[in-house]
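# Structural characterization, general
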Amino acid sequence: MLLFYGLILSCGLASMVSAGVFPNYHGQFDFITWDKEKSLHDYESTKKWWEIAAFYQIYPRSFKDSNGDGVGDLKGITEQLPYLKEIGINATWLSPIFPSPMADFGYDISNFTDIDPLFGTMQDFEDMVAKANELNIKIILDFVPNHSSDECEWFQKSIAKDPYYKDMYVWHPGKIIDGKRQPPTNWRSVFRGSAWQWHEKREEYYLHQFGKKQPDLNYRLPQVKEMMKEVMRFWLRKGVAGFRIDSVAHVYEVAPNSLGDWPDEPRNMAVNDPDDWSYLQHTYTVDQPESTQLLYEWRKVLDDFQQQHGGDERIIMAETYSPIEVIMKYYGNDTVNGVQIPFNFLLITWLTNASSAYDYAKAIHTWLDNMPNGRTANWVLGNHDQHRLASRLGEDRVDMMNILLLNLPGCSVTYMGEEIGMSNVWISWNDTVDPSACNSNPNIYEKLSRDPERTPFQWSDEYQAGFTTAKKTWLPVALDYAKVNVKEERKVKMSHLDIYKQLQELRKQPTLRHGLAEIAAINNNVLAVKRYLLKDYTYVTLMNINDNRETINLREVFSDLPEEMIYILVTKQSENKIGTRVRISSVQLNPKEAVVLKSLTQLATTAGYFVYYIHESPKNKIV
């Protein structure tokens, strides 16, 4: 650490040390001076593909239907892979495509090593992977480890007490109170109600942290861990580039005591609905240390496969909404590698319509400040479980959020449709299909439903938004599809799609791929991001989050900026045009405007180490 600060001081950045410098770099090339003429090719060739990749989540049911049944499928995905290439995507992860009764739309898996006929055949999958390889797009599969379907062969054999499968799930006879049998604990399901379900045939309760048709696997049994590792190896042999791990925090619950019993969880007095998952404080059913250790074991499966078979590094993307100190352990430690990408949901969970620029800066600061050295940051704005960006923060903030997503250091994750500004679709109680909502009632279902963000992708202004030829889709198509769709936005300059594609082109610049970053909340309304690199251009992103007109003096915010910069990206709220020069002492921003400025020349005075920084001067202190 002393060596690090000595290097910073020698580069003329002593003022930044006291301002709060955080040496959160990624990759193995820390403290290497950037030599553009000699090092760019060598550095790019040794860089891991995922560290600066643009990922894209596809919800297969809703992406593209090829056979007219109203549900998306693998051939539909294959057909539209060129679109992903068009918008600069490097890898796409698919929500589950495996055989399933569809009680939770694929997250209740009955066979972990096959394809559900609803989506196609194994040949369709192999054709999709082959086409993706042609386009240099990698396929990431969803891996759902916490549970199977109750129709899975493993569970059926467990019910029958087959010696090998008997304890593969979490069973308990319950407890007798006042002559009446009751569940073994008060644990609640994420999908409401008790997390225990009585099974008449086995005459025991089984644990289900999600739906009743999703019994939890018992990872304290060695063969469960080995069987799931073999599932990973199966799909790796099929050519996938890795896995997105679902609901990591729930995989383990606390170990039972010597009598085989578990403790009740304490009450959360802030919630009064006894069926609500938040009615309890989840001290025994989430974030157990064994879950993190299991991630390390899965990473080794992927590393071993790569060592045996070669090729690009296979990766793990891990889903969790756990506390930051837990998530950071997912990265690994000094002796073992963890997952490459523990999802960073802070831009989703911490930001609302009422958030200030200081809130934005704090969300970014928190991740980079806590991230271990040698790891890579990631930024996520949406997924199939979260209301759409346009509905959460407003359609007029879509472009600025995508600008932020693609100008921060590290890799990005885009949920399908966010690049064209799709919004939530209102779904009536009668049309609701999400089990999280269906287990409630008409008065509260809208707060629980994930259907609104899962509706069909809007390809064109044609029938059913170009998604299908069917008369009925599995969820209704948005009413605004005639205007918000790929076909129309391809035609319109400054559309959401156009801005997104401009950003992906801009992202190819060395500074935005490898440069340093400073993030500053200038005032309550304006967030600024500076990216810079020795012997290359400096870029400044400005976002006016709210409805005030602002005049910004960047000289008071960042050091080592030239007197003038040039607009290289603007949004529709801007009065400026690309190519216009602006004095950095007086940059004007309209309400909800976001811009990217570029230095007129390559700068030689900025440090050239691959290190992340958060800029936090006293006047811009994040509180």
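Residues numbered from 1 in each chain as written. Predicted model: local features only at pLDDT ≥ 70, side-chain atom pairs only at ≥ 80, totals over all residues. Heavy atoms only, no water.

Quick reminder of the rule: UniProt positions are given in the numbering used here, feature names are shortened, and annotations may be inferred rather than shown by experiment.
As named in an unreviewed UniProt entry, the chain is alpha-glucosidase, taken from Glossina fuscipes. Checking UniProt for the chain, the heading Catalytic activity (unreviewed entry) contains the comment "Hydrolysis of terminal, non-reducing (1->4)-linked alpha-D-glucose residues with release of alpha-D-glucose." Annotation of the chain in UniProt includes, under Sequence similarities (unreviewed entry), the sentence "Belongs to the glycosyl hydrolase 13 family."

## Side note on the overall build of the chain
Here is the rule: Each helix is a run of H or I in the DSSP string that is no shorter than four residues. Each strand is a run of E no shorter than two, and both are numbered from the N terminus. Any residue under 20% of the maximum accessible area for its type is buried, any over 50% is exposed, and the rest in between are partly exposed; the area is computed with a 1.4 Å probe on protein chains only. Only heavy atoms enter the contact rule, under which two residues are in contact if any of them lie within 4.5 Å. For every accessible area listed, the method is Shrake-Rupley and the probe measures 1.4 Å; residues are considered covered only by the protein chains on display.
Summing up its helical and strand segments, the chain has 18 helices and 21 strands in all. Within the chain, the proportion of its 623 residues that are buried is 61%. When contacts within the chain are restricted to residue pairs at least 6 apart in sequence, long-range pairs at least 24 apart make up 69% of them. Surface exposure of the chain reaches about 23,900 Å², of which carbon and sulfur atoms provide 50%.

## Quick look at the packing of helix α4 (residues 74–86) against helix α5 (residues 122–134)
Any two packed helices are characterised by the angle at which their axes cross and by the distance between the axes. To be explicit about the condition: An axis is simply a line fitted to the C-alpha atoms; with a helix, the fit covers only the stretch in contact. Between two such axes, the angle follows the N-to-C directions and lies from 0 to 180 degrees. Should an angle fall under 35 degrees it is taken as roughly parallel, and over 145 as roughly antiparallel, whereas 65 to 115 is taken as roughly perpendicular and any remaining angle as oblique. Each helix crossing is assigned a hand: it is left-handed if the near helix lies turned anticlockwise from the far helix by less than a right angle, otherwise right-handed if that turn is clockwise. Residue classes follow a fixed rule: Ala, Val, Leu, Ile, Met, Phe, Trp, Tyr, Cys and Pro count as nonpolar, while Asp, Glu, Lys and Arg count as charged, and any other residue, Gly among them, counts as polar.
Viewed as axis vectors pointing N to C, α4 and α5 meet at an angle of 10 degrees, and their least axial separation amounts to 9 Å. In this view, α4 runs roughly parallel relative to α5, as classed from their interaxial angle. Every pair of crossing elements has a handedness; the one defined by α4 and α5 is left-handed. Where α4 abuts α5, its residues Leu74, Lys75, Ile77, Thr78 and Leu81 lie against Asp124, Phe125, Asp127, Met128, Lys131 and Ala132. Across the contact of α4 with α5, the residue classes tally to six nonpolar, one polar and four charged.

## Describing the side chain of Arg61
Note the threshold: The charge count includes Lys and Arg as positive and Asp and Glu as negative, but it does not include His or the ends of the chains. Take a side-chain nitrogen of Lys or Arg and a carboxyl oxygen of Asp or Glu: if they are within 4 Å of each other, that pair is a salt bridge.
Inspection of the secondary structure assignment puts Arg61 in the loop between β1 (54–58) and α4. Buried Arg61, no salt bridge; nearest opposite-charge side chain is Asp116, N-O distance 7.4 Å. Among all residues touching Arg61, those that are not within four sequence positions of it are Val71, Gly72, Met102, Phe105, Leu118, Phe119, Phe467 and Trp474.

## So, the packing of aromatic side chains
This is how it is decided: Centre distance within 6.5 Å is the pairing criterion for rings of Phe, Tyr and Trp, where only the six-membered ring of Trp is used; planes under 30 degrees apart are then read as stacked, over 60 as edge-to-face, and the remainder as tilted. Geometrically, a charge over a ring is one whose NZ (Lys) or CZ (Arg) sits within 6 Å of the ring centre while staying within 35 degrees of the ring normal.
Counted by the stated rule, this structure contains 32 aromatic pairs. For the ring pair Tyr321 and Phe345, a centre distance of 4.3 Å and an interplane angle of 20 degrees mean the geometry is stacked. Placement of Tyr321 in the loop between β10 (315–318) and α9 (324–330) and of Phe345 in the loop between β11 (341–342) and α10 (346–349) is noted, with a sequence separation of 24 residues between them. Accessibility expressed as a relative area gives 39% for Tyr321, which makes it partly exposed. One aromatic cluster in this structure is built from Tyr56, Phe63, Tyr83, Phe457 and Trp459. Looking at Arg61, its charged tip hangs above the ring of Trp474, at a distance of 4.3 Å from the centre.

## Comments concerning the pairing of strand β9 (residues 242–245)
Keep this limit in mind: Whether two strands pair depends on DSSP finding at least two bridges between them.
Every second residue of β9 is oriented toward a common face, with Gly242 and Arg244 on one face and Phe243 and Ile245 on the other, all of them buried. Judged from the four bridges that link them, strand β3 (residues 138–143) and β9 form a sheet pairing that is parallel. What sits directly across from Leu141, in β9, is Phe243. Inspection of the sheet shows β9 paired to β10 by four bridges, in the parallel sense. Looking at the pairing, Ile245 lines up with Ala318 of β10.

## A few points about unusual backbone geometry
The phi angle of most residues is negative, glycine excepted, and most peptide bonds adopt the trans form. You will see that Asp178, though not glycine, has its phi angle at about 55 degrees, which is positive. Tracing the backbone through its elements, the reader meets Asp178 in the loop between β5 (175–177) and β6 (180–182). Asp178 gets classed as exposed once you look at its relative accessible area, which sits at 80%. Not every positive phi belongs to a glycine, and Lys592 is a case in point at roughly 60 degrees.

## What about the environment of Asn523?
Operational definition: Pairing of N or O atoms within 3.5 Å defines a polar contact, subject to two protein rules: one partner must be a possible hydrogen donor and the other a possible acceptor, and residues neighboring in sequence count only if both atoms are side-chain atoms.
If you trace the backbone, Asn523 turns up in the loop between β14 (516–521) and β15 (526–532). As for Asn523 and Ala357, which are separated by 166 residues in sequence, their C-alpha atoms are 6.7 Å apart. Asn523 has contacts with Ala357, Tyr358, Glu550 and Ile552, leaving out every residue within four places of it along the chain. In terms of polar contacts, Asn523 uses its side chain to reach the backbone amide nitrogen of Val526, at 2.9 Å. Engagement of the side chain of Asn523 in a polar contact is seen with the side chain of Glu550, the distance being 3.1 Å.

## A few points about α5
Condition: The span one expects for a helix is its residue count, reduced by one, times 1.5 Å. This arc is built from the directions going out from the helix axis to the C-beta atoms.
Taking 1.5 Å of rise per residue, 13 residues should cover 18 Å, and α5 covers 19 Å from first to last C-alpha, within 8% of that figure. Turning to α5, its buried residues number three or more, namely Met122, Asp124, Phe125, Met128, Val129 and Ala132. Down the axis of α5, the buried set is contained in an arc of 160 degrees. They therefore lie on one face. In this structure, the buried residues of α5 make contact with α4, β2 (91–94), β3 and α7 (222–237). Asn136 sits one or two residues past α5 and shows a positive phi near 60 degrees.

## What about the sheet that holds strand β18 (residues 564–570)?
Pairing is antiparallel in the open sheet, where six strands are placed in the order β14-β15-β16-β21-β18-β19. Looking along the sheet, the strands with just one partner apiece sit at the ends: β14 and β19 (581–583). The mean inter-strand angle of the sheet, taken between neighbouring strand axes irrespective of direction, is 30 degrees. Pairing of β18 with β19 involves three bridges; the strand directions are antiparallel. Paired with Glu564 across the strands is Arg583, a residue of β19. On the sheet, helix α11 (residues 357–370) packs against β14, β15 and β16 (539–544) and is oriented at approximately 145 degrees with respect to β14. Strands β15, β16, β18 and β21 (594–599) of the sheet are contacted by helix α13 (residues 398–407), whose axis makes an angle of about 150 degrees with β16.

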